[in-house]
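# Inside the fold
One letter stands for each residue in the lines below.
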Amino acid sequence: MKRRSQTAAERAKEEPKKPKEPKGAVTVAQLSSDVIWKLASQYWAPDTKADHLPYSAKVIERIYSEEIGSGSPGQAARRINMLEFSQYLEQYLWPHYQRDTATHAHLMSIVMMANEKFRERVEVWTVFEQLPDQYPAFFRHVLESCLPAEGAKQAKSSLRERTALLMFLNHCFNSMEIELCREQAKRLVSLSMWHCLQPKRREQELRDVPEWRKYWKRLLKKEKDTKPEVQWERHFMQNLIIDFLNILERIPAKGDVSPSVVHYCERFLEFIIDLEALLPTRRFFNTVLDDCHLIVRALLSPLVRREEGKLFGQLLDMLKFYTRFEINDVTGNSLTDHDMTQLHYKKITSLQRAVFAKFPSLRVFALSNVATVDNRESLEKHFGGLDADGLRQIATFLNLVPEEVLAPLDWHRLDEQFLRELLITRHERRCSQLDALNEMPLYPTEQIIWDENVVPSEYYNGDNCLALPKLNLQFLTLHDYLLRNFNLFRLESTYQIRQDIEDAVSRMLPWQSEDGDVVFGGWARMALPIASFAVVEVAKPRLGEKKPSRVRADVGVTLSVRREIKEEWENLRKHDVCFLITVKPTQPYGTKYNHREPFIPQVGLVSVRGCEVEGLLDANGRVMEDGPEPRAKLPGEQRCYRVWLDSNQYRLDMDDLQEGADDVYESFNILMRRKPKENNFKAVLETIRHLMNTECVVPPWLHDILLGYGDPGAAHYSNMPNQERSLEFNDTFLNCKHVEASFPGYELKWDVPEEQRVPPYRLVFEDVPVAAESDEEKSEDMDEKKVELTKSIQVQSYKFEGRGPYPSDKPKQNSIPFTPTQIEAIRAGMQPGLTLVVGPPGTGKTDVAVQIISNIYHNHPNQRTLIVTHSNQALNQLFEKIMALDIDERHLLRLGHGEEALETEKDYSRHGRVNYVLAKRIDLLSQVQRLQEAIGVNGDNAYTCETAGYFYLYNVMARWEKFQSQISAHRNEEDMTKLSSLFETEFPFGKFFADAPQPLFKGSNYDELMETAESNFRYISDIFTELEEFRAFELLRSGLDRSKYLLVKEAKIIAMTCTHAALKRKELVNLGFRYDNILMEESAQILEIETFIPLLLQNPLDGLNRLKRWIMIGDHHQLPPVIKNMAFQKYSNMEQSLFTRLVRLGVPTVDLDGQGRARASICSLYKWRYKKLDNLQHIFERDEYKKANTGFAHDFQLINVDDFKGVGESEPNPYFYQNLAEAEYVVAVYMYMRLLGYPASQISILTTYNGQKHLIRDVINARCGNNPLIGWPHKITTVDKYQGQQNDYILISLVRTKAVGHLRDVRRLVVAMSRARLGLYVFGRVSLFKNCLELQQTFKLLTQRPLELGLVPDESYPTARLASAPVAKKDVKTIPNMSVMAEFVYERYMAKMEELKGTLPSEEELLAMRNQLPQEDEDNDAEEATEEPPEKRAAKEDKVAQKKAPEAFKPTPIQNEINVDEADMDQREQKQEESAPEETKEPVPAEES
């Protein structure tokens, strides 16, 4: 089969070969032959510890001078990478660091290694925590190396070294959750740093904030005799800024500039931005930064105007944004636009007062209103005439500069240009951040899409900083939180759009024709040439806005394409996003497109604009609306789409047109669409923008935690003021022994003797204070209660109220014996507050989630719970388990498009639930009719829900009350026979229950009989309660109104994906959607913003959010959300989920600690990553775990795979890694398992790279895919895609043979090792992976077993051999390599075929069977007509026999490259799967992007 993944084969052949390794990658061959490797073996490698030479500082000096400090940056990066991989930092540098003896080379080596670890995103601080006492001295050493020594003009560190030191400092400030860092870093940015402010400026600031003055006085008293080192520390940040300004201002306006200088300046601004973007670091530092006037001096520097300074300028804009951010630095409260305006007015009026006092010539400025003088033009006009002395007087009056430039303030600038810019920049009107956001176009344009500083290319290596926001631990305000997420989400979408545009346009091959027009030499599935384009409407702006309220255009295209592609274009729905592209190519006919060359010059791309589809126009020029009826077919191939253009973008384009730019709306020549699943970015961005324009009301108990401040445990249920003392656990506990085992730290007090302790149970926690009725009681009894509280639980048995006499009326019961930690998670989830549950693989996260939902449903029947997951698959798994519990299905609702994958005949979508309610209503009314007949009432009482309600009130209730009063007279009757018959005769509804199990009344006393009567009446009462709920569906006539009512009123448990919540927020809020609790599954896989949006799917009630509980269940030790662009993933930390951030902040978690998925031996491969993870008892008791894996000597094994024909990993396309030897080996083992009798559905093949996934599919297709004896495995996919799934037997290909690659991320390793239940077989290059520090815990266990595959070939599935029983050596066949395995499998296959031949019937038996078949008459003409000549038939039979004969084994050459459309291949494969027999077809997963 040809490869479908690489569509540029022909072009790639003619392209120059790229370097084999990305920058910084290290191969095993290089390590083993390199001088570094030899030194490592001699001095620090863990595996040669016994032979190590004594420590020598000269080794560090030599390595630093020869390997790290010399050569080009690229070469040094490779050497640093190699040293870091050899554990140089852990084993040699840090253990031998002493401040007194450490050289500069030693310090820099540690810093470089630490930075490399941060770049690789692996654990860093655990290394330093091994010797925490050395860290303060080391940190001080770093600080001293950042600056020149006193009196020295040059620092002892080079600029490249200072850049590395600065990066390390930044990492420290961004790791404030680590105590080691926090203790050192916070001293640099505390109030004491105000010692370096100008005295008058400091006095002004202390006057403005009296609170700081108190602290300042206290500080002065405490530190009368300040040590010089403390004084130096206080001035460190200011000195660092001054030093930076000196370097920056020495850069010439023209001529050469060293890249290391530019790089240092960029990294410095990044450092300052990161300090400004965190409240604890900016609180005092922002004033110092303002006093240094860094922004003004940087704006005036020559670098901003140089070509090399583009990124510097973008970073400077970001810094300017954060220094003026809308926050009160003292309180941390967000400032409104009104507050910011007041602060601006205060500054301007101070300036006017200064001018009024000093300069009579500027009296006009002093007396003007603020609005006329606060723009740049006006300020330049007024201050343009002043000289340096005049400007200095004003600046001095405002305490911006000192009166005299004397030490230590001699670094201030007082020249005219600087002072004028300072006054103007400080006092010009600022644009509101919200206004700027609302005027921003949501669709990216060509300027942003191909700007490498903003949207970097895919292969970001981490060497440079970028003009991007970062997601770290803390945020300034909710506005800041949303804004950063908005920008990153927008840019990540832009990156995906860029990929789509480049793919579609390059396929269309735009060339320049002879007359200068555009011709297209190719075609693309997702793009078409535009035949006509016209803007048809530009509506007037709304009041107070500048942009048009609506801009519409018509786009004409010709659909001369295949039928299925034509249908895709015609099925574009309302609100689908498309892109209008202009290309003006300069390349002549026949020029081949080169993927490795820059894209824009090759295709001549000029402009890109987004648009939103309104609809397809019919023959009359009207938009064809989507409705229940199928659309009318349009004749011909010409189609015209009505689209909405972005009003903000249109206004900007028209403004540019006024200034002489080209009209982009006259030149579009390509219309591009995108896959619907990837095309929801605009709706999500609109949702975030809408959130920023409304007052985000987050529950007060969550606000500070979301921003990363305050007590991390403040929202834990134990700290919540409304913690519930008594909880009904429903069916959570199986028996009283289960209760006792679930609370090991508590004393249990039972209210009944042991024989009566039957579930369900109500638990009263006596360590929870009784809720006080008033504040006075609270304050009076607080101390008393603290003393009285004991760690004990009152356990009370209670009975479920009977629901009727039918067996189906019995509630469904939980059968899972929850562990103590699972019970704690369930308890926490039932309590108000924030609950974080960390669930390692196989620990029953979903079961815990479902039990929490069920318990909340029964404890709080009036509350509504929202369930949110990352994927439809997880949502469906959760929903299927919810359906198995005691929850009325009328209260369940599933929103979104994944509902159809639910494995149930019932439809839980909005439409399905409405139909269910209508059908249930008819069913209940028929029961009312039956009841009416049973009690002998005439009339049409079962006509509607309303008439049924009256019938219940006047007839049913009357009879029930009469029965109660009559029967109560016989309460003391002792004759049970008489009492039972009395109940039978007097009970008014006995005839209605004639079809129930008889006798209706069973019991040994009056109370039991009365309970049965009440249960039966409850059954009737429930009918009318449900009908009362369904009354609204009679009044609402349209399906849409009914579905809205269902969502807003009827449903109690509503499930959706996070994407659906983000897309539909506005619609849900407008409907008046309400909920009280949120449960999130897969929380660690959901983007930060997609986790936040579900908190705000409802409008606040009286200014408060009604959310009471937020339960997040996830595992931050497994893979994070998928971010396609490496720069956003690594630099901006966009892959960090909110769940992971809360864990980093120290929010209390419940860590589930009992796994019941994998064998204990397999679990040991990953359980080291968790605090505590044990095996549940059934892992040791069930047969499937006791039995060995048929045909294998071990239940898990790492199999070493050597090069095949001298080739290990290959890279046919950049970063598209493949390994043919591993692919063939994995497939051979799979075939061996199938020949032994393993079901294909129990085997999955995983790999760590997309390229290998496609290669394995190709090998399967060539070897056995179409063979009914073997067929396809259950799944062939990547480890990342398989997260959340499991199978009995997993075969994993690690692919890489030169560098470890992204398996170095321990989270990926944990996912890979934890997918298997019974058998795990890993294929890879052992020598590469076993030396990787991060993977060592797992690979130590793997390498304890033989590295050659051990088989027990004489077994058949399932085996009787026990896993604990040793296998005799003579029974084990050792496979040395892939070729031997392939040959062995071939022989097994041939033997199997011979065996099958022996079971087939002989020719005589077949003939006898044929003769027994029913025959038509012999003179049947039709049979004669189809009779073939004997020669022809014989030839046909020979051909069939040849086909059936087994062929000699030969390796099929696997084609790695094709030249067909990828989507086309997807369809072909799908058709092949559909036509394949059910037992052999493989559900091929959707191809990853």
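One can find the structure itself at the top, above this paragraph.
Below is a summary of the structure that appears in this document. Computed from a prediction, not measured in an experiment: that's the story for all the values here.

Glancing now at a positive patch on the surface. Among the surface-exposed residues, Lys214, Lys217, Arg218, Lys221 and Lys222 lie close enough to one another that they form a single positively charged patch. Tracing the sequence through the fold places Lys217 in helix α13 (residues 210-222).

A few words now on the pattern of salt bridges. Evaluated as defined, the whole model comprises 94 salt bridges. With its nearest N and O atoms 2.7 Å apart, the salt bridge here joins Arg1263 to Glu1224. Taken together, the positions of Arg1263 in helix α52 (residues 1250-1263) and Glu1224 in helix α51 (residues 1220-1236) put the pair 39 residues apart, joining distant regions of the chain. Put simply, Glu84, Glu90, Glu116, Lys117, Arg119, Glu120, Arg1304 and Glu1334 are held in one network by salt bridges that share partners.

Further remarks concern the sheet that holds strand β9 (residues 726-728). Reading across the sheet, the 4 strands line up as β9-β11-β12-β10 and stay open at both edges, with mixed pairing between neighbours. Each having just a single partner strand, β9 and β10 (747-750) make up the two edges of the open sheet. Geometrically, the sheet is characterised by an average inter-axis angle of 25° between neighbouring strands, direction not taken into account. Two strands pair when backbone bridges link them, and strand β11 (residues 761-765) and strand β12 (residues 792-797) are joined in this way by 5 bridges, in the antiparallel orientation. Of the residues in β12, the one forming a bridge with Phe765 is Ile793.

A cluster of nonpolar side chains, contributed by Tyr950, Leu953 and Tyr954, occupies part of the molecular surface with about 370 Å² of accessible area. Looking at where Tyr950 falls in the secondary structure, it is placed in helix α40 (residues 945-968).

Look at helix α28 (residues 478-508): 44 Å from first C-alpha to last across 31 residues, which is about the 45 Å you get at 1.5 Å a residue. Burial within α28 is extensive, with 25 of its 31 residues counted as buried. Count one or two residues on from α28 and you reach Leu509, which has phi positive near 50°.

So, about the side chain of Thr732. Relative to the helices and strands, Thr732 is located in the loop between β9 and α34 (736-742). Note on Thr732: relative accessible area 0%, which makes it buried. A polar contact of 2.5 Å, which involves the side chain of Thr732, links it to the backbone oxygen of Phe729. Ignoring sequence-local partners within four residues, the contact set of Thr732 consists of His738, Asn814, Ile816, Phe818, Ile823, Ile826, Gln851 and Asn855.

Moving on: the packing of helix α15 (residues 236-249) against helix α16 (residues 259-276). The interhelical angle for the contact between α15 and α16, taken along N-to-C directions, is 145°, at an axis separation of 11 Å. The two elements α15 and α16 cross, and the hand of that crossing is left-handed. Across the interface between the two elements, Met237, Leu240, Ile241, Asp243, Phe244, Ile247 and Leu248 of α15 pack against Val261, Tyr264, Cys265, Phe268, Leu269, Phe271 and Leu275 of α16. Of the residues assigned to the contact of α15 with α16, the class counts are 13 nonpolar, no polar and 1 charged.

Burial of β11 is extensive: 4 of the 5 residues sit out of reach of the surface. Where β9 lies against β11, 3 bridges are found, and the strand directions are antiparallel. Bridge pairing in β11 places Ser726 opposite Val764.

Our next topic: the packing of helix α12 (residues 199-208) against α13. Packing of α12 against α13 brings their axes to within 5 Å, and their N-to-C directions diverge by 120°. As the angle between them shows, α12 and α13 are arranged oblique. From α12, Arg202, Glu203, Leu206, Arg207 and Asp208 reach across to α13, where they touch Pro210, Trp212, Arg213 and Trp216. Grouping the constituent residues of the contact of α12 with α13 by class yields 4 nonpolar, no polar and 5 charged.

Geometrically, a pair of aromatic rings is defined through the distance of the ring centres and the angle of the planes. For the structure on display, the rule yields 80 aromatic pairs. An angle of 65° between the planes, with centres 5.7 Å apart, marks the rings of Phe993 and Tyr1019 as edge-to-face. One end of the pair, Phe993, is in the loop between α41 (976-986) and α42 (1006-1035); the other, Tyr1019, is in helix α42, and 26 residues separate them in sequence. For the pair Phe993 and Tyr1019, one class covers both residues: buried. With a centroid separation of 5.2 Å and an interplanar angle of 55°, the aromatic rings of Tyr1225 and Phe1323 are classed as tilted. Separated by 98 residues along the polypeptide, Tyr1225 in helix α51 and Phe1323 in strand β28 (residues 1316-1324) bring together distant segments of the chain. For the pair Tyr1225 and Phe1323, a shared accessibility class is recorded, and that class is buried. Taking NZ or CZ as reference, Lys470 lies 4.9 Å from the ring centre of Tyr1131, over its face. Over the ring of Trp569 we find Arg673; its NZ or CZ atom is 4.8 Å from the centre of that ring.

Cut-offs and rules
Residues numbered from 1 in each chain as written. Predicted model: local features only at pLDDT ≥ 70, side-chain atom pairs only at ≥ 80, totals over all residues. Heavy atoms only, no water. Patch = residues over 30% accessible without salt bridge, like charges linked within 9 Å, V, L, I, M, F, W, Y side chains within 5 Å. Areas by Shrake-Rupley, 256 points an atom, 1.4 Å probe, with all protein chains shown as cover. Salt bridge = Lys/Arg side-chain N within 4 Å of Asp/Glu carboxyl O. Lys, Arg positive; Asp, Glu negative; His and termini not counted. Charge placed at Lys NZ, Arg CZ, Asp CG, Glu CD. Helix = DSSP H or I, 4+ residues; strand = E, 2+ residues; numbered from the N terminus. Pairing = 2+ DSSP bridges. Axes fitted to C-alpha atoms, helices over the stretch in contact; angles between N-to-C directions. Expected span 1.5 Å × (residues − 1). Buried < 20%, exposed > 50% of the residue type's maximum accessible area, 1.4 Å probe, protein only. Polar contact = N/O pair within 3.5 Å; in protein donor to acceptor, adjacent residues only side chain to side chain. Contact = heavy atoms within 4.5 Å. Left-handed = near helix turned anticlockwise from the far one by under 90°. Nonpolar A, V, L, I, M, F, W, Y, C, P; charged D, E, K, R; others polar. Parallel < 35°, antiparallel > 145°, perpendicular 65-115°, else oblique. Phe/Tyr/Trp six-rings, centres within 6.5 Å; stacked < 30°, edge-to-face > 60°. Lys NZ or Arg CZ within 6 Å of the ring centre and 35° of its normal.

Remember, this is a structural readout, not a statement about activity or role.
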